[in-house]
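Notes for the structure review
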Amino acid sequence: MKDQSPNSWEARADAHSFYGFTDLPTIENRGATVLTHGRGPYVFDVHGRQFLDANSGLWNMVAGFDHAGLAQAAKDQYDRFPGYHAFFGRMSDQTVMLSEKLVEVSPFESGKVFYTNSGSEANDTMVKMLWFLHGSEGHDQRRKIITRKNAYHGVTAVSASMTGKPYNSVFGLPLPGFLHLTCPHYWREGQPGETEAQFTARLAAELEEMILREGADTIAGFFAEPVLGAGGVIPPPEGYFQALQPILQKYGIPLISDEVICGFGRTGHTWGCEAYGFVPDAIISSKNLTAGYFPMGAVILGPQLTQRLQAASEAIEEFPHGFTASGHPVGSAIALKAIDVIMNEGLAENVRRLTPYFEAHMQRLLENPNIGEARGKGLMGALEAVQDKGSKTPFAAELSVSERIANTCTDHGLICRPLGQSIVLCPAFIFTESHIDEMFEKLEAALKQVFREVA
Ligand SMILES: *Cc1c(COP(=O)(O)O)cnc(C)c1O
């Protein structure tokens, strides 16, 4: 399967490019997949092979790979004004309009937006905002950040410290002062005999104990994805945010909703917080924000944090932070178009329409004796492979079951993602029933083949 010639795209990829989050032995055996273009939800490689991308790129290419309107919005803006910053009181008209739009569609009655180039930088920026405003208010010691194990908030030194994954230990992370609560995964973390409501109550008690142990006046903020994404698509247990939010409020700790995956339609709602019935103090957005057509992230502050950051900034005459490309006019024009496409051209509606169909397929696969859990929300889901369903025993790690399933899928023209022992599906919002059928047919064939091999 791997083209061995030194001039092959696979060899050239290996020669001069690093891969992110890539199992190098797999690449050694199989070679890289070098892609040239996409059509709708499909991508094509240098050999002309076609793949249905069940992960919409990295969750973000929700309008597909050839949306004419998005490409046109980019071209038009490149012709009009191809780049500018948002420093020194200057910013593009597109940036002004995008901020108005983001506040309008946010759950906030009023607010303000700060731009970055990625989700990691947006989380990083939010942490700096909290440190800055607590410091300005005379609470220099309010610096600790609480997140959850298995959470994914990015890869910069600060956002990786927020990310609750064991792999960050290779960098000597997390930094001091980044604290991680139990992953809110009832199926895996619930104790024998514990109901979902009792599980939620236990996690809420754990949060309060942590706050009291550390000292409320040392905590800067709490960040959470409404549904953990790269942790394996883990929806919260019943009543989770309703149980946690009053505790955070009691101790004056801002609740930040990391909506990088959930935002703009993935759950069938504009925001994940909306899907779970809570209003946070700020929202972190990226990925779908531009439907993946431009690197961009945004911090959207609700009214209280807006007012507090404004006051802190006025006290020293500025907020000393920003990226060269913050609020890029082309990114802003694309984001404006992407929001319109998602919210007004039927994409979010298609997510809501397809969700029951998607869920029915997931439930059917749960009949497989080696699928322990089928979970999800809206158009994202994960299937958890288990060696033994009754005891929820995972397969031996050296079997690399989920990687084998994903590789087998790739061989059959389907891209999906192994995460731990689960397979993640997060298709583009332009999927049809027949794309869903194709996705599950290919996945089911791969599951059968791999489970037969490892049984
Ligand atoms: C992807 C992701 C990030 C990081 O975004 P990058 O653009 O990759 O830096 C942060 N939070 C969540 C929830 C994400 O899924």
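Conventions we followed
For every chain, the first residue of the written sequence is number 1, and numbering continues from 1 along that sequence. Residues qualify for local features only when their pLDDT is at least 70, as the model is predicted, and side-chain atom pairs are given and counted only at 80 or more; totals for whole chains, interfaces and linings, by contrast, use all residues. Hydrogens and waters are ignored; side-chain quantities use all the structure's heavy atoms. UniProt positions are given in the numbering used here, feature names are shortened, and annotations may be inferred rather than shown by experiment. Secondary structure elements are defined from DSSP: runs of H or I of at least 4 residues count as helices, runs of E of at least 2 residues count as strands, and each element is numbered from the N terminus. Buried residues are those whose accessible area, probed at 1.4 Å on protein chains only, stays under 20% of the maximum for their type, while exposed residues exceed 50% and partly exposed ones sit between those limits. Contacts are residue-level and defined by heavy atoms, with any inter-residue pair within 4.5 Å sufficient. Accessibility throughout is a Shrake-Rupley quantity obtained with a 1.4 Å probe, and a residue counts as covered only by protein chains that appear here. Lys and Arg are tallied as positive, Asp and Glu as negative. Neither His nor the chain termini are counted. Here the site of a charge means NZ on Lys, CZ on Arg, CG on Asp, or CD on Glu. A pair of Phe, Tyr and Trp rings is counted when the ring centres sit within 6.5 Å of each other, with Trp represented by its six-membered ring. The angle between the planes then sorts it: under 30 degrees is stacked, over 60 is edge-to-face, the rest tilted. A positively charged side chain is recorded as over a ring if its NZ (Lys) or CZ (Arg) lies within 6 Å of the ring centre. The angle to the ring normal must also be within 35 degrees. Helix span, as expected, comes to 1.5 Å for every residue beyond the first. In this scheme, strands are said to pair when DSSP sees at least two bridges between them. Helix axes are fitted only over the stretch in contact, all axes being lines through C-alpha atoms; the angle between N-to-C directions runs from 0 to 180 degrees. The pocket and cavity definitions rest on a 1 Å grid over protein atoms only: a 1.4 Å probe that fits but cannot leave marks a cavity, an open set with protein on both sides within 12 Å along at least five of seven lines marks a pocket, and residues lining either have an atom within 4 Å of a point. Grid points are joined across faces, edges and corners, and a volume is the space filled by probe spheres set on the points. When at least one non-hydrogen atom of a residue lies within 4 Å of a molecule or strand, that residue is treated as near it. We define a polar contact as two N or O atoms separated by no more than 3.5 Å, with the added condition that, inside protein, one atom must be a possible hydrogen donor and the other a possible acceptor, whereas residues neighbouring each other in sequence contribute only through side-chain atom pairs. For this classification, the nonpolar set comprises Ala, Val, Leu, Ile, Met, Phe, Trp, Tyr, Cys and Pro, the charged set comprises Asp, Glu, Lys and Arg, and every other residue, Gly included, is treated as polar. A side-chain nitrogen of Lys or Arg and a carboxyl oxygen of Asp or Glu constitute a salt bridge if their distance falls within 4 Å. Either an automatic procedure or a domain database provided the assignment from which the domain bounds are taken. Simply put, the buried area is the total loss of 1.4 Å probe accessible area from both parts when two parts are fitted together.

Where an unreviewed UniProt entry is consulted, the protein chain appears under the name Aminotransferase class III, with the organism given as Planktomarina temperata RCA23. A UniProt comment under Sequence similarities (unreviewed entry) is attached to the protein chain, and it reads "Belongs to the class-III pyridoxal-phosphate-dependent aminotransferase family."

A count of helical and extended segments in the protein chain gives 16 helices and 15 strands. Dimensions of the protein chain, computed from C-alpha atoms along their principal axes, come out at roughly 65 × 60 × 45 Å. Counting only residues that meet the buried cut, the protein chain has 55% of its 455 residues in that class. In the protein chain, of all internal contacts separated by at least 6 residues, the share reaching a separation of at least 24 is 71%. Total accessible area on the protein chain stands at roughly 19,400 Å², and carbon and sulfur atoms take up 54% of it. Separation of charge centres in the protein chain, based on 37 positive and 52 negative side chains, amounts to 2 Å.

Turning our eyes to something else, we now look at the packing of aromatic side chains. The description of two aromatic rings rests on the distance between their centres and on the angle between their planes. For the structure on display, the rule yields 11 aromatic pairs. Ring centres of Tyr186 and Phe199 lie 5.6 Å apart, and the angle between their planes is 45°; this geometry places the pair in the tilted category. Taken together, the residues Tyr186 in helix α8 (residues 186-189) and Phe199 in helix α9 (residues 196-214) connect sequence positions 13 residues apart. Assessed through its relative accessible area of 30%, Tyr186 is described here as partly exposed. The class of Phe199 is buried, set by a relative accessible area of 0%. By the ring-pair criterion, three or more aromatic residues cluster together here, those being Phe114, Phe132 and Phe319. Looking at Arg143, its charged tip hangs above the ring of Trp131, at a distance of 4.0 Å from the centre. Seen from the ring of Tyr276, Lys377 lies directly overhead, with NZ or CZ sitting 4.9 Å from the centre.

Glancing now at helix α13 (residues 329-344). Think of an α-helix as 3.6 residues a turn; residues three or four steps apart then line up on the same face. Helix length check: α13 (16 residues) gives 22 Å between terminal C-alpha atoms against 22 Å at 1.5 Å per residue, within 8%. Here α13 lies mainly inside the structure; 12 of its 16 residues are buried. All buried positions along α13 are accounted for by Pro329, Val330, Gly331, Ser332, Ala333, Ile334, Ala335, Leu336, Ala338, Ile339, Val341 and Ile342. Against α4 (68-80), α5 (93-105) and α14 (347-365) lie the buried residues of α13. Phi turns positive, to about 90°, at Gly346, one or two residues after α13.

This part covers the sheet that holds strand β15 (residues 422-425). Strand pairing within a sheet occurs via backbone hydrogen bonds; the two strands may be parallel or antiparallel. A sheet is described by the order of its strands in space; here four strands give the open sequence β11-β12-β15-β14, paired in antiparallel fashion. The open sheet is flanked by β11 (371-377) and β14 (417-419), the only strands paired with a single partner. Each strand of the sheet is rotated relative to its neighbour by a mean of 25°, with strand direction disregarded. Packing against the sheet, α14 makes contact with β11, β12 (380-385) and β15, and its axis sits at approximately 5° to β12.

Take the layout of surface pockets next. Considering only enclosed or pocket space, the second largest pocket measures out at about 800 Å³ in volume. By residue number, the principal contributor to the lining of the second largest pocket is helix α12 (residues 303-316), which donates five residues.

On to the site of the ligand, then. Neighbouring residues of the ligand: Ser118, Gly119, Ser120, Asn123, Tyr152, His153, Gly154, Glu225, Asp258, Val260, Ile261 and Lys287. A distance of 2.7 Å separates an oxygen atom of the ligand from a polar side-chain atom of Lys287. Protein chains shield 84% of the accessible area of the ligand, which is 380 Å² for the free molecule. For the shell around the ligand, the element with the highest residue contribution is helix α6 (residues 119-136), accounting for three residues. For the shell around the ligand, the class distribution of residues is three nonpolar, six polar and three charged.

Okay, the pattern of salt bridges next. Tallied over the full model, the rule gives 14 salt bridges. Close ionic contact of Lys250 with Glu208 constitutes a salt bridge, the shortest N to O distance being 2.8 Å. Taken together, the positions of Lys250 in helix α10 (residues 240-250) and Glu208 in helix α9 put the pair 42 residues apart, joining distant regions of the chain. Here Glu373 ties to Arg375 by a salt bridge, and the two come within 2.6 Å at their closest N and O atoms. What makes Glu373 buried here is its relative accessible area of 15%. Salt bridges sharing partners connect three or more residues here, namely Glu373, Arg375 and Glu384.

The assigned domain composition of the protein chain is domain 1 (33-66 + 347-454) and domain 2 (70-344). Taking only C-alpha atoms, the centre of domain 1 and the centre of domain 2 are 27 Å apart. With 35 residues of domain 1 in contact, the opposing surface of domain 2 contributes 28 residues. A buried area of about 2,500 Å², summed over both sides, lies between domain 1 and domain 2, and 63% of it is on carbon and sulfur atoms. Taken together, domain 1 and domain 2 are joined by 15 residue pairs in polar contact (both at pLDDT 80 or more). Every element with two or more residues in the side of domain 1 that touches domain 2 is listed here: α3 (56-59), α14, β11, β12, β14 and β15. Looking at the side of domain 1 that touches domain 2 element by element, the count peaks at five residues for β11. The residue inventory of the side of domain 1 that touches domain 2, partitioned by class, reads 19 nonpolar, eight polar and eight charged.

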